[in-house]
Each structure stands twice: as structure tokens, then as C-alpha cells.
Amino acid sequence: MIPHYTDDTTPDDVRTGDQCALVCSCGSTVIPAWRRLPKEQQFTPLRNLRRKMVCKKCGDRSPTVVISGHYGTGGRLQEFWRWPKR
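All values derive from a computational prediction rather than experimental measurement.

Reading the values: the criteria
Residues numbered from 1 in each chain as written. Predicted model: local features only at pLDDT ≥ 70, side-chain atom pairs only at ≥ 80, totals over all residues. Heavy atoms only, no water. Salt bridge = Lys/Arg side-chain N within 4 Å of Asp/Glu carboxyl O. Buried < 20%, exposed > 50% of the residue type's maximum accessible area, 1.4 Å probe, protein only. Pairing = 2+ DSSP bridges. Helix = DSSP H or I, 4+ residues; strand = E, 2+ residues; numbered from the N terminus. Contact = heavy atoms within 4.5 Å.

**Quick look at the pattern of salt bridges**
No. 1: Under the counting rule described, the total for this entry stands at 4 salt bridges.
No. 2: The salt bridge involving E79 is made with R86; its shortest N-O contact spans 3.8 Å.
No. 3: In this structure E79 comes out as partly exposed when scored by relative accessible area, which is 40%.
No. 4: Bridged by salt links that share partners, the residues E79, R82 and R86 form one connected network.

**Quick look at the pairing of strand β1 (residues 19-23)**
No. 1: Pairing between β1 and strand β3 (residues 64-69): 5 bridges, direction antiparallel. The partner of V23 across the bridge, within β3, is T64.
No. 2: Pairing of β1 with strand β2 (residues 29-30), which is carried by 2 bridges, proceeds in the antiparallel orientation. Bridge assignment links L22 to a residue of β2, and that residue is V30.

**Observations regarding the environment of K57**
No. 1: Among the structural elements, K57 can be located in the loop between α2 (46-49) and β3.
No. 2: Given the relative accessible area of 63%, K57 is considered exposed.
No. 3: Residues K57 and C24 lie 33 residues apart in sequence; the distance between their C-alpha atoms is 9.0 Å.
No. 4: Excluding residues within four positions of it along the chain, K57 makes contact with C26 and S28.

**Quick notes on the environment of L49**
No. 1: Secondary-structure assignment places L49 in helix α2.
No. 2: C-alpha of L49 to C-alpha of T10: the two residues are 39 residues apart in sequence and 9.0 Å apart in space.
No. 3: Beyond its immediate chain neighbours, meaning those up to four positions away, L49 contacts P11, W34, L37, Q41 and T44.

**Quick look at unusual backbone geometry**
No. 1: A cis amide bond, omega 0°, links W83 with the succeeding residue P84.
No. 2: For P84, the location among the structural elements is in the segment after β4 (78-83).
No. 3: Of note, the phi angle at S62 is positive, near 55°, even though the residue is not glycine.
No. 4: Structurally, S62 is set in the loop between α2 and β3.
No. 5: Judged by its relative accessible area of 26%, S62 falls in the partly exposed class.

Shown next, in the form of C-alpha cells:
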């Protein structure tokens, strides 16, 4: 079953095995340690948290949040959710 993430997805909602990454317009990709965030931030929607994120490579703000994972038995990651939407 493909996970269905909604617009109010929080870091706590991301399923085990799925990958939640921040992708900057400069091409930098970072996978933060979401479980190390303070509890109140773990329950804040990702779309609201991204405004506070800053790229360490270029200094740009508000990276794209992408949740990917495996569907079925294939080895490739598939994108399940993205904010902001394309």
C-alpha cells in the first residue's frame, strides 16, 4: 500500500522506512535527524517547519520537503509527497 501523506504531515507522521529530505534549489539534499527535534516541533506540520530551515551550502531559506520510500519489492525510492507541490 502506498502511504498517503497529507498537507498537514508532521515529522512524527513519517513512516519507518520512509525518507524525509530537504532539497534546496542549489541542489543540496539533507536528511535531518527529525527525531532529535524538540517534541513540539515533531508535531508541527512540515510545511510550517520549512520556513525556519536554512541551507548550509547557499544560505537559501524554505527548502522543498520530499518524502520518499519503497513501494513493493523494488529497490528504487519513489516520491510519495512533496511540499510545496509542483
